[in-house]
Structure formats: C-alpha cells, structure tokens
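# A closer look at the structure
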Amino acid sequence: MFTANDFIPTSYSESIESGNFQWSAPSNIALVKYWGKKANQIPANPSVSFTLNNCKTITKLAFAKKQNTDNFSFDLFFEGKPKEDFKPKIQKFFERIEIYLPFLKNYHFTIDTQNTFPHSSGIASSASGMAALAMNLMSLEKALNPAMTEDYFYQKASLLARLGSGSACRSVKGQVVTWGQQTNIERSSDLYGVEFPYNIHENFKNYQDTILLVDKGEKQVSSTVGHDLMHNHPFAERRFAQAHENLDKLIVIFENGNLDEFIKIVESEALTLHAMMMTSMPYFILMKPNTLQIINKIWKFRNETQIPVCFTLDAGANVHVLYPNKDKESVLQFIKDELVGYCQNGQYLCDEIGTGAMQL
Ligand code: PMV
C-alpha cells in the first residue's frame, strides 16, 4: 500500500522536450455512494462502483518545454473548439497536483478532449475527464522515470484523478473499484481507488447499465455543494457507518452472486443518497417526477417478471437501470415499451461493465 508521500518524486532520470499521449477513460456508476468529504478530497465513507465501458472521455495531451517556469500554461479544446470555461477547473487541478508532478510548470500543455456521450446528456464528464487527463500526465511522468512500476503508475493516476474529482479515482481501473479505507478490503485506501480484490460471481459478468436521460438541464445544486452539506448534517455519522456496512455486505454478494440481496443494497444506497440531499440544510431535491415514475415501473416489472433488474441514481435525475447480461433482451424491450416515454426526447444510453482507462 502507498502513502501520499510515496507519490512525491525526488528526481527524474530522463529529460523530454516535447511529445504527446492519448488516453480514454470511462465513467463509473457507484453502488455504495460517496457523499461527504474531508479536506483534500478524502472521502467521508468508502464507496464501490462498476466501471462503465461506452461512456468515456478521450483526451490527447501534447506538451512542449517552455522557458518561463513561473506559471502553469495550457490550452484547452473540447470537441476541437477552445473551451475557456473549463480552464479554471484545470488550473485548480494543476495547483492541487503540482506537489506530486513537480514538472508541470516546465511545459506548455495542449489538452484536446471529447466525450463519447452527447454533450448535453446531463451525464457528468468530470469522472471520465479527470481520469483521462490524469492518465496522460502519468504517461509523461513515466517517460521521465521509466523505472516506474505498473502498480505505482495506476495507483498514482487514481490519486491524481481523485484530486480532480473524487469519484474520478474509480475510473482508472475496472471492473469493480472500491475507494476508501475498509477493514475487510485489502489494500483499500482513502487516497486512490483499487480494483476489487476478491472473487466476483458470474452473475455480474457483462452487467448492463442503461442510462435513462430524464433531465439534461443544469443541476440546481452541484455535487461540491452537496458534499459540503454533509458537514453538520443530522444523519451524517449514521450514514457514513451505513456505507461501511453496505460495502461489507456487497463483498459477500459479489462472491455468492445473490442478486436479490444486491438489489436491496443498490436501491437503498441510491435512495439514501437522495435522502441525504432532502435532509440537508438547505434541503434540495434532484429527482424529477419522471425519476419516480421510472422507479415505480421498474418495481412493477420486477414483481411481475421476477427479472432481477434494479435502479441506481447519481447526483441528478437520470436513472441507471442495472441488470444481468442474460436478461438484456427482455429488459431492453421493457425500457422501449414503458420507460422511454419518461426520458427527455426519448434518450437513453446503453452501457455495461468495462475494464478502465486505455492508452490509444
Ligand atoms: O466525484 P464527485 O465529487 O462529483 O461526487 C460524486 C458523487 C456521487 O456520484 C453522487 C456518488 C459517487 O460515489 O459517485
């Protein structure tokens, strides 16, 4: 296991003038939710997620040595066009990670990024986006220090991604990633995500996630503000303890493949996340009427067919419909027949468990 200090380099063996790298990194969907944090993006409770396969960010990073090393210097392009409004986020990211990548001010960077999912889908691209950028920066660091081990490379990439956006640290690897210290998970850490280290039952192989786009509008409350409202929240301590309990239960469920128990934890986690929002001060609601319509339809369909389909939610109104690969045909038919009407412009995205970031 690494400590934060292990990621602060002392010297590099190589020197590099210019070059470029390109990585893709996927989005992820949490089963046990991260909601609430301490200083420096340390989570208040552990979480676990499925890494996705299709919803991803592709980022090319070009770099060239510069004379003046006083400031960070970078240009940012989104889908080929300059994107000024993303720049403060990147500037802040560079400031946070400079201690870990002391070469940052030596280069001018050109960051060229695009998503495989529609821009206006309401899907947060911060997890995939920060993970893709972190991978590229680690490729540069590896070029400066070729002796770096693969383990160090990936764990540090996850640590950097975490400093960009907490849940991004779970987008570096697949297929199931936990983040946050948990006694019963070896090598688990608050600093970075780790691949779930135990057996995962066949039932979860190619597990499906169909994302129903209920509301693509700007969220009224950002997740940064939401996390912050867990300070002095009346139910915070109990909630953080519950996340540990649910993660322990999932360790057993991943091993034995009990989908009824899986569904109970996953749906309860989604509703608890939103319950925390509704019981914050100030309180807020991110679900929409159609979110609830969909949830009720899923429950009815599950009751009638005994097909183990369930839902989860992230910090928004969209619904992630989770189900085993073997039930794909019937669930997709159900979605087309009964749920598409609740989606904005009938839009939904088909995804499944994936393996993590890839160099292109
Ligand atoms: O990574 P952030 O700060 O955007 O927080 C994400 C929080 C949830 O998506 C609601 C839960 C999670 O664990 O991903």
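This is a predicted model, so every value here is computed, not measured.

Turning to the overall build of the chain, a few remarks are in order. A tally of helices and strands in the chain yields eight helices and 14 strands. The principal-axis extents of the C-alpha atoms in the chain amount to approximately 65 × 45 × 40 Å. Per-residue burial for the chain yields a buried fraction of 54% across its 360 residues. Contacts spanning at least 24 positions in sequence make up 77% of the contacts within the chain whose residues lie at least 6 apart. For the chain, the accessible area works out to roughly 15800 Å², and carbon and sulfur atoms hold 48% of it. The positive charge centre, built from 34 side chains, and the negative charge centre, built from 38, are 3 Å apart in the chain.

Okay, the packing of aromatic side chains next. This model, assessed by the stated rule, comprises 30 aromatic pairs. Summarising the aromatic geometry, the rings of phenylalanine 153 and tyrosine 154 are spaced 5.1 Å apart at their centres and angled 80° between planes, so their arrangement reads as edge-to-face. Arranged with centres 6.1 Å apart and planes meeting at 55°, the rings of tryptophan 299 and phenylalanine 311 form a pair that is tilted. One end of the pair, tryptophan 299, is in helix H7 (residues 289-305); the other, phenylalanine 311, is in strand S11 (residues 310-313), and twelve residues separate them in sequence.

This paragraph deals with the nonpolar core. By size, the foremost hydrophobic cluster in this structure holds 49 residues, and its most contacted members are Phe94, Ile97, Leu104, Phe109, Ile111 and Leu137. When residues of this core are traced back to their parent elements, those giving at least two are strand S1 (18-32), strand S4 (47-65), strand S5 (73-78), helix H1 (87-97), strand S7 (107-115), helix H2 (126-144) and helix H3 (150-164). If you tally residues by element for this core, the top one is H2, at eleven residues. Setting aside anything within four residues of it in sequence, one finds isoleucine 111 in contact with Thr59, Lys60, Leu61, Phe74, Asp75, Leu76, Phe77, Ile90, Phe94 and Leu133. Counting 30 residues, the second-largest nonpolar core is a separate cluster that includes Ile185, Ala243, Ile251 and Leu259.

Let us now look at the pattern of salt bridges. A side chain of one charge can pair with a side chain of the opposite charge if their charged atoms are brought near each other. Scanning the model with the defined rule gives twelve salt bridges in all. In this structure, glutamate 195 and lysine 173 form a salt bridge, with 3.8 Å as the shortest nitrogen-oxygen distance. With glutamate 195 in strand S9 (residues 193-195) and lysine 173 in the loop between H3 and strand S8 (176-179), this pair connects stretches of sequence that are 22 residues apart. By relative accessible area, glutamate 195 is classed as partly exposed at 40%. Look at lysine 173 and you get partly exposed, because its relative accessible area is 26%. Lysine 300 serves as the salt-bridge partner of glutamate 304, at 3.4 Å between the closest nitrogen and oxygen. Residue glutamate 304 and its partner lysine 300 are located together in helix H7, separated by four residues, close to a single helical turn.

The immediate surroundings of the ligand are formed by Ala30, Lys33, Tyr34, Trp35, Ser165, Gly166, Ser167, Arg170, Ser223, His227, Leu273 and Ala315. Formed jointly, the shell around the ligand draws a minimum of three residues from each of two domains, domain 1 (4-199) and domain 2 (207-352).

This paragraph deals with the domain arrangement of the chain. Domain assignment breaks the chain into domain 1 (4-199) and domain 2 (207-352). Here domain 1 meets domain 2 over a buried area of about 3200 Å², counting both sides, of which 68% is carbon and sulfur. Ranking the residues of domain 1 by area buried against domain 2 places Leu31, Lys33 and Trp35 at the top, with a combined share of 25%. Linking domain 1 to domain 2 there are zero salt bridges. The interface formed by domain 1 and domain 2 holds 14 residue pairs in polar contact (both at pLDDT 80 or more) in total. Examining the composition of the side of domain 1 that touches domain 2, we find that eight residues originate from one element, S4, more than from any other. Along the lines of polarity and charge, the residues of the side of domain 1 that touches domain 2 split into 19 nonpolar, 14 polar and two charged.

The rules behind the values
Residues numbered from 1 in each chain as written. Predicted model: local features only at pLDDT ≥ 70, side-chain atom pairs only at ≥ 80, totals over all residues. Heavy atoms only, no water. Helix = DSSP H or I, 4+ residues; strand = E, 2+ residues; numbered from the N terminus. Buried < 20%, exposed > 50% of the residue type's maximum accessible area, 1.4 Å probe, protein only. Contact = heavy atoms within 4.5 Å. Areas by Shrake-Rupley, 256 points an atom, 1.4 Å probe, with all protein chains shown as cover. Lys, Arg positive; Asp, Glu negative; His and termini not counted. Charge placed at Lys NZ, Arg CZ, Asp CG, Glu CD. Phe/Tyr/Trp six-rings, centres within 6.5 Å; stacked < 30°, edge-to-face > 60°. Core = buried A, V, L, I, M, F, W, Y, C linked by side-chain atoms within 4.5 Å. Salt bridge = Lys/Arg side-chain N within 4 Å of Asp/Glu carboxyl O. Near = heavy atom within 4 Å. Domains from an automatic or database assignment. Buried area = accessible area lost by both parts, 1.4 Å probe. Polar contact = N/O pair within 3.5 Å; in protein donor to acceptor, adjacent residues only side chain to side chain. Nonpolar A, V, L, I, M, F, W, Y, C, P; charged D, E, K, R; others polar.

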